[in-house]
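Topology and contacts: notes
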Amino acid sequence: MAVVQTRNVTKVFKEGELGAVNNVNLETREGEFLVFLGPSGSGKTTLLRMIAGLETPTSGEILIGGKVVNDLTPRERRIAMVFQSYALYPHLTVYKNIAFPLKAQNVPKNLHKEKVEWASSLLGIGALLQRKPRELSGGERQRVALARAIVREPSVFLLDEPLSNLDAKLRLSAREELERFHRRVGTTTIYVTHDQVEAMAMGDRIMVLNKGVVRQIGTPKEVYDDPADTFVATFLGSPPMNLVENDGVIVGFRPEHFRLAEDIREVDKLTFKFRVENVEYLGAEFILSGLLMGGKADGKKVIARLLLGHSYEAGTTYDFAISARQLKFFDRTTEKKVPAKALTWQ
Ligand code: ADP
Ligand code: MG
């Protein structure tokens, strides 16, 4: 287990262009599961590759276990990395696939069996060791790739969208498996994804990136409940947070915080008329999209997410309300969060 740190790490691929990664400072905790979350092209892979030693930073330092590793090879960094497109050797058995890194690093052969068995039992594939990759399901192949990555007992585990090739159902079980696996080995892990649900579910903390810049680092609860800016506010959550300009600030409110006005007893609340234009019934909830009516935000499109209990009809205007403590406030220019303020809505 080791702590990973970056100090002002920047990567500029082409001189004169914007950096793919800009001045990133981060420090994992020992044994932590840290998620890099951001849209495609936000610099997640580039940052991970610099930590792994596969890419050289333009400036800044990378430390593993407290030591600067900029000049160390990937192997010397004792890091294991699993990519989105992991490739198993098709002509080798599962056993030989997992043992491959041991062989490549001249680990004495009499130790292979013990280490392969340790790694494969951690991932529950001990019974598959004599099979070839083509005789495995997608999820089993994934586990072999993970077993191969951990067999050298790395000090840090780097995973770049390892589940994105799996279908939705398999992804869920693979996710649970990875979580269980992390609890058992306890290795510091950095996990890259563009999927905010995956990030929320798996991360001890989430680092949100956009355009190579860190927007926020925090627990899933912190980034969801207290987003640092409008980017984080809208990137996490589905449907995303509604943002409406009012009284010189941007006001944010999440779809799940809408209530029928009569259902909120709190005095301190924002009430408004909401004309429903479309109703989606999703079994356990409704997604309503429509327009705010009247007041300063007249005609602004918003989305609500409501539990069952009432029925809603397209074309009808309802009195809705949001408790004041659920409102978020952002600066109109910088888009960063600002302290709560009293609003006049009408
Ligand atoms: P992500 O993993 O978040 O999708 P990447 O780290 O792959 O993002 O890419 C970040 C930015 O850097 C993108 O604009 C991408 O086009 C650019 N980039 C990545 N790798 C290279 C490279 N080898 N040469 C030039 N540009 C690159
Ligand atoms: Mg990537």
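All of these numbers come straight from a predicted model, not from anything done at the bench.

Here is what the cut-offs are and how they apply
Residues numbered from 1 in each chain as written. Chains lettered and ligands numbered in written order. Predicted model: local features only at pLDDT ≥ 70, side-chain atom pairs only at ≥ 80, totals over all residues. Heavy atoms only, no water. Helix = DSSP H or I, 4+ residues; strand = E, 2+ residues; numbered from the N terminus. Contact = heavy atoms within 4.5 Å. Areas by Shrake-Rupley, 256 points an atom, 1.4 Å probe, with all protein chains shown as cover. Axes fitted to C-alpha atoms, helices over the stretch in contact; angles between N-to-C directions. Parallel < 35°, antiparallel > 145°, perpendicular 65-115°, else oblique. Nonpolar A, V, L, I, M, F, W, Y, C, P; charged D, E, K, R; others polar. Pairing = 2+ DSSP bridges. Near = heavy atom within 4 Å. Polar contact = N/O pair within 3.5 Å; in protein donor to acceptor, adjacent residues only side chain to side chain. Domains from an automatic or database assignment. Left-handed = near helix turned anticlockwise from the far one by under 90°. Buried < 20%, exposed > 50% of the residue type's maximum accessible area, 1.4 Å probe, protein only. Salt bridge = Lys/Arg side-chain N within 4 Å of Asp/Glu carboxyl O.

A few words on the overall build of the protein. Per the secondary structure count, the protein includes eight helices and 18 strands. If one aligns the C-alpha atoms of the protein with their principal axes, the spans along those axes are about 75 × 45 × 35 Å. Contacts in the protein between residues far apart in sequence, at least 24 positions, make up 64% of those at least 6 positions apart. Total accessible area on the protein stands at roughly 17,100 Å², and carbon and sulfur atoms take up 49% of it.

Here we come to the packing of helix 3 (residues 112–122) against helix 5 (residues 168–185). Interhelical geometry of helix 3 versus helix 5 gives an angle of 130° and a closest axis separation of 10 Å. The angle between helix 3 and helix 5 falls in the class oblique. Facing helix 3, whose interface residues are Trp118, Ser121 and Leu122, helix 5 presents Phe181, Arg184 and Val185. Its residues assigned to classes, the contact of helix 3 with helix 5 shows four nonpolar, one polar and one charged.

This next bit is on the sheet that holds strand 5 (residues 67–68). Strand order in the open sheet formed by four strands is 2-1-4-5, with antiparallel pairing between adjacent strands. Edge positions in the sheet fall to strand 2 (21–27) and strand 5, since each of these pairs with one other strand and no more. Direction of pairing for strand 4 (residues 59–64) relative to strand 5: antiparallel, over a ladder of two bridges. The partner of Ile64 across the bridge, within strand 5, is Lys67.

In the neighbourhood of ligand 1, the contacting residues comprise Phe13, Ala20, Pro39, Ser40, Gly41, Ser42, Gly43, Lys44, Thr45 and Thr46. In the model, an oxygen atom of ligand 1 is placed 2.5 Å from a nitrogen or oxygen of the Thr46 side chain. Alone, ligand 1 offers 560 Å² of accessible surface; in the complex the protein occludes 53% of this. The class makeup of the residues in the shell around ligand 1 is three nonpolar, six polar and one charged.

Next up on the list: the domain arrangement of the protein. Taken domain by domain, the protein holds domain 1 (4–225) and domain 2 (239–338). One C-alpha centre belongs to domain 1, the other to domain 2, and the line joining them spans 39 Å.

Checked against the element boundaries, Gln326 lands in the loop between strand 17 (317–323) and strand 18 (328–331). Sequence separation between Gln326 and Gly252 is 74 residues; the distance between their C-alpha atoms is 8.6 Å. With near-sequence residues (within four places) excluded, Gln326 lies in contact with Gly252 and His257.

Now for the packing of helix 2 (residues 94–104) against helix 4 (residues 138–150). The geometry of helix 2 relative to helix 4 is characterised by a closest axis approach of 7 Å and an angle of 30° between their N-to-C directions. Crossing angle aside, the handedness with which helix 2 passes helix 4 is right-handed. Only Val144, Ala147 and Arg148 of helix 4 make contact with helix 2, whose side of the interface consists of Val94, Asn97, Ile98 and Pro101. Looking at the contact of helix 2 with helix 4, its residues break down into five nonpolar, one polar and one charged.

Now for the environment of Leu102. Inspection of the secondary structure assignment puts Leu102 in helix 2. Taking the relative accessible area as the measure of exposure, Leu102 reaches 1% and is therefore buried. Leu102 sits 13 residues away from Lys115 along the chain, and the two C-alpha atoms are 8.9 Å apart.

The five strands lie next to each other as 13-17-14-15-16, forming an open sheet whose pairing is antiparallel. Each of the sheet's edge strands pairs with one partner strand only, and the pair in question is strand 13 (259–260) and strand 16 (301–307). Pairing of strand 13 with strand 17 involves two bridges; the strand directions are antiparallel. Residue Arg259 lies in a different strand from strand 17, and its bridge partner there is Ala321.

Quick look at unusual backbone geometry now. A negative phi holds for most residues other than glycine; trans holds for most peptide bonds. Following Ser238, the chain continues to Pro239 via a peptide bond in cis, the omega torsion being -5°. Within the secondary structure layout, Pro239 lies in the loop between helix 8 (230–235) and strand 11 (242–246). You will see that Arg78, though not glycine, has its phi angle at about 55°, which is positive. Structurally, Arg78 can be placed in the loop between strand 5 and strand 6 (79–82). Of note in the backbone geometry, Lys211 takes a positive phi value of approximately 50° without being a glycine. By the element assignment, Lys211 lies in the loop between strand 9 (205–210) and strand 10 (213–218). On the basis of relative accessible area, Lys211 is assigned to the exposed category, the value being 64%.

Counting across every chain of the model gives 16 salt bridges. Across the salt bridge formed by Glu55 and Lys11, the nearest N and O atoms sit 3.9 Å from each other. Of this pair, Glu55 sits in the loop between helix 1 (44–52) and strand 4 while Lys11 sits in strand 1 (residues 4–11), and the two are 44 residues apart along the sequence. With a relative accessible area of 10%, Lys11 lands in the buried category.

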